[in-house]
Amino acid sequence: MKRKNILIIFFILVSPVVYGQFNFQTIAEETDYESTSTYEDVRNFIAELKKASRFLRVEYIATTVEGREIPLMIIGNPLPESPDDLVGDERIVVYIQANIHAGEVEGKEATLMYTRDLLEKNDPDVLENVILLVCPILNADGNEKFSSSNRSHQNGPVNGVGVRHNGLLLDLNRDAMKLETPEIEGVITNVFNRWDPSIILDCHTTNGSYHEEPVTFTWMLNPNGDRSLIRYMRDNMMPDIGISLRETYHIENCYYGVFIDPFDFDKGWFPYACEPRYMSNYIGVRNRLGILNENYVYADFKSRVLGCYYLIHSVIDYAVQHREEIRALISEVDEKTIGRGMSPAVTDSFAIEYRPEPTPEKVTIKAFEVEVNQTGTGRRRPVKTDRKKTVTVPYLADYHPASGVRFPFAYLLEYPDPDIIGLLRKHGIETERLGKSTTLKVNRFDIDELSSSERLNQGHYTNSVKGTFVEEEKEFPAGTIVIRTSQKLGNLIAYLLEPQSDDGLLFWNYLDRYLVPQWGRGYNPYPIYKVINQTQLVTSGTDTK
């Protein structure tokens, strides 16, 4: 029998990536909210998300001093490969960060849960209208310092949490202006400057007054941000989010704050921190919408995580529904800020002192009455009782200027300090250089009194100054650094460069070497001069040296 030659062809099929497998949980869910995620747990969870969805990719914000990469999840449909893909894109960019204080961990779990559920649902309302940026573990080094003794007053998770500070023993939520940590420098350079989110949500846990609501939040507060954005959040966005969180997601909530007097609720409720060193206020000074989320420390861990999870839902729901309105408002504010810098009016000012005033609407807090515990030092310490008391009180969250100085056309640096120039550029501020020697009419600040804090603050003996502005004509050599305020970041420029700013270069010791003479008494003039009125400045263009 004749043998036939049979040709057998093997086809090797390359299977496409199979998306849609979302059968995984966070550590909080797996342990019934007795534990929170480690850094590796977060990395593994994100890896599972990448396997499960083509609408997510990962960039890295920074590398910590202990060598950990900080992940940034980018989510959308279509998924942008870079911000360049968003030119002409009408979606709104939203940034959510958690774990800036690594003992305050519910945001870390809630952001991972929300991202998974969004991608599993493949929700077109969100994915096709929002570019979502999520950093679930900003303080990665602090997260790994697990101990059950950290934040021991906190109601879970029972297996411990990380620490407040980063690997440099610095508080990341005090670093937005001075940029001394890789984490916050990374947020500003690789998120804010690169992606320019319209909305940010910064997730924390409270340490304050006693109440029933598991979720609290507020808006950016600093009065040197644009007032129309503050009013929009106060009167429109924040009330709607509160209603949505309560009525749609059944989560009790109130605005963030503490009682001014825990023994007299009627004096009011207020959020006490409004300087831009705090991230949610910093973003407001950049003319974007900042939300501070503070979850109630005495609520159980599961309630805090779920409350934060549904707050994220409410924020994203609002962003989707009001996308065009928010984008138009921000565009208008940017144009207004640039226009003001091009020709400042006599009435344009920068607030160097401010005070809180009540918002138009009072707030309702489901409080607990307290009793007095007299300490050995004579201090009256409030102690929570089981007696509930719902109160409606003033909310002192409208910060208004108490005193101010003229807003200028430009600032000029007397000394080309590379640290100062570098800091300005990290913030996204453009600098120029005078093209030739120029005599200009400027305002010089003469120091009358300079004092430093008695106690170190984030490694600094911070400065405060008193003095007087004096008008003079001064010759500035070619190459002098010029910072025009006709930029989107005009408010931030003034905050950093004004001598009496409560969060600027002088405050954080950037200028110490220039303030006093080498010999003798007295003070040198403040080394940054103000050009008040619109002036023809011949420069060599944007400085890149």
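This text follows the structure it describes.
Computed from a predicted model, the values in this text were never measured in an experiment.

(A) Examining the pattern of salt bridges more closely. For the coordinates displayed, the defined rule picks out 41 salt bridges. Among the ionic pairs, Glu106 bridges to Arg304, the shortest N-O distance being 3.1 Å. Of this pair, Glu106 sits in helix 3 (residues 106–121) while Arg304 is found in helix 9 (residues 301–321), placing the two residues 198 residues apart along the sequence. Arg304 carries the same exposure label as Glu106, and that label is buried. Two residues, Asp334 and Arg288, come together in a salt bridge whose shortest N-O distance is 3.0 Å. Note that Asp334 is positioned in helix 10 (residues 323–342) and Arg288 in the loop between helix 8 (279–285) and strand 10 (289–295), a separation of 46 residues in sequence.

(B) Examining the packing of aromatic side chains more closely. Enumeration over the complete set of coordinates arrives at 25 aromatic pairs. With a centroid separation of 5.1 Å and an interplanar angle of 80°, the aromatic rings of Phe24 and Phe45 are classed as edge-to-face. Placement of Phe24 in the segment before helix 1 (27–30) and of Phe45 in helix 2 (residues 39–52) is noted, with a sequence separation of 21 residues between them. Side by side, Phe24 and Phe45 carry an identical accessibility label, which is buried. Where Tyr33 meets Phe301, the ring centres are 6.2 Å apart and the plane angle is 75°; that geometry is what we call edge-to-face. Placement of Tyr33 in the loop between helix 1 and helix 2 and of Phe301 in helix 9 is noted, with a sequence separation of 268 residues between them. Seen from the ring of Trp508, Lys178 lies directly overhead, with NZ or CZ sitting 5.3 Å from the centre. Across from the ring centre of Phe263, 4.2 Å away, lies the NZ or CZ of Arg380, which sits over that ring.

(C) Summary view of the nonpolar core. Counting 147 residues, the largest nonpolar core has Tyr95, Leu132, Phe192, Ile199, Met237 and Ile291 as the members making the most contacts within it. If one sorts the elements of this core by residue count, helix 9 sits on top with 11 residues. When near neighbours in sequence (up to four residues on either side) are disregarded, Ile291 contacts Ile199, Ile200, Leu201, Asp202, Phe217, Thr218, Met233, Met237, Met238, Ile241, Ser280 and Val315. Counting residues in each nonpolar core, the second largest holds 11 residues, with Ala410, Leu434, Val482 and Tyr529 among its members.

(D) Fine view of the sheet that holds strand 10. Spatial strand order, 1-2-4-3-5-10-6-7: eight strands in an open sheet with mixed pairing. The open sheet has two free edges, formed respectively by strand 1 (56–63) and strand 7 (253–255), since each of these has just one partner strand. The sheet shows a mean angle of 20° between the axes of neighbouring strands, direction not considered. Strand direction decides the pairing type here: strand 3 (residues 92–97) and strand 5 (residues 199–205), joined by four bridges, are parallel. Following the sheet pairing, Gln97 is matched in strand 5 by Asp202. Lying on the sheet, helix 2 is in contact with strand 1 and strand 2 (69–75); it crosses strand 2 at an angle near 30°. The strands touched by helix 6 (residues 182–195) within the sheet are strand 1, strand 2, strand 3, strand 4 (130–135) and strand 5, with strand 1 carrying the most contacts at an inclination of about 135°.

(E) Looking closely at helix 3. Its 16 residues place the ends of helix 3 22 Å apart at the C-alpha level, agreeing with the 22 Å of an ideal helix rising 1.5 Å per residue. The element helix 3 is extensively covered by neighbouring structure, given that 13 of its 16 residues are classed as buried. One or two steps after helix 3, the chain reaches Asn122, where phi turns positive at roughly 55°.

(F) Fine view of the side chain of Arg484. Mapped onto the secondary structure, Arg484 falls in strand 19 (residues 481–484). Separated by 2.7 Å, the side chains of Arg484 and Glu432 make a polar contact. Those residues in contact with Arg484, other than ones at most four positions away along the chain, are Phe409, Ala410, Glu432, Ile493, Leu537 and Thr539.

Thresholds, definitions, all that
Starting afresh in each chain, residues are numbered from 1 along the sequence in its written order. Side-chain atom pairs in this predicted model are given and counted only at pLDDT of 80 or more, local residue features only at pLDDT of at least 70, and totals for whole chains, interfaces and linings cover all residues. As a rule here, side-chain values cover all heavy atoms of the structure and leave hydrogens and water aside. Counted as salt bridges are all cases of a side-chain nitrogen of Lys or Arg within 4 Å of a carboxyl oxygen of Asp or Glu. Put simply, DSSP H or I for four residues or longer makes a helix, DSSP E for two residues or longer makes a strand, and each gets a number counted from the N terminus. Buried residues are those whose accessible area, probed at 1.4 Å on protein chains only, stays under 20% of the maximum for their type, while exposed residues exceed 50% and partly exposed ones sit between those limits. Two rings from Phe, Tyr or Trp (for Trp, the six-membered ring) form a pair when their centres sit within 6.5 Å of each other. Planes less than 30 degrees apart are called stacked, planes more than 60 degrees apart edge-to-face, and all others tilted. Look at NZ for Lys and CZ for Arg. If either is within 6 Å of the ring centre and within 35 degrees of the ring normal, a charge sits over the ring. What makes a nonpolar core is a set of buried Ala, Val, Leu, Ile, Met, Phe, Trp, Tyr and Cys residues whose side-chain atoms join them at distances within 4.5 Å. Here a residue-residue contact requires only that any non-hydrogen atoms of the pair lie within 4.5 Å. Any two strands between which DSSP finds at least two bridges are classified as paired. All axes here are fitted lines through C-alpha atoms, helices being fitted over the stretch that makes contact, and every angle between N-to-C directions spans 0 to 180 degrees. Working rule for helices: expected span equals 1.5 Å times residues minus one. Distance and chemistry together define a polar contact, namely a pair of N or O atoms within 3.5 Å, with one atom able to donate a hydrogen and the other to accept it when in protein, and with adjacent residues in sequence counting only for side-chain atoms on both sides.

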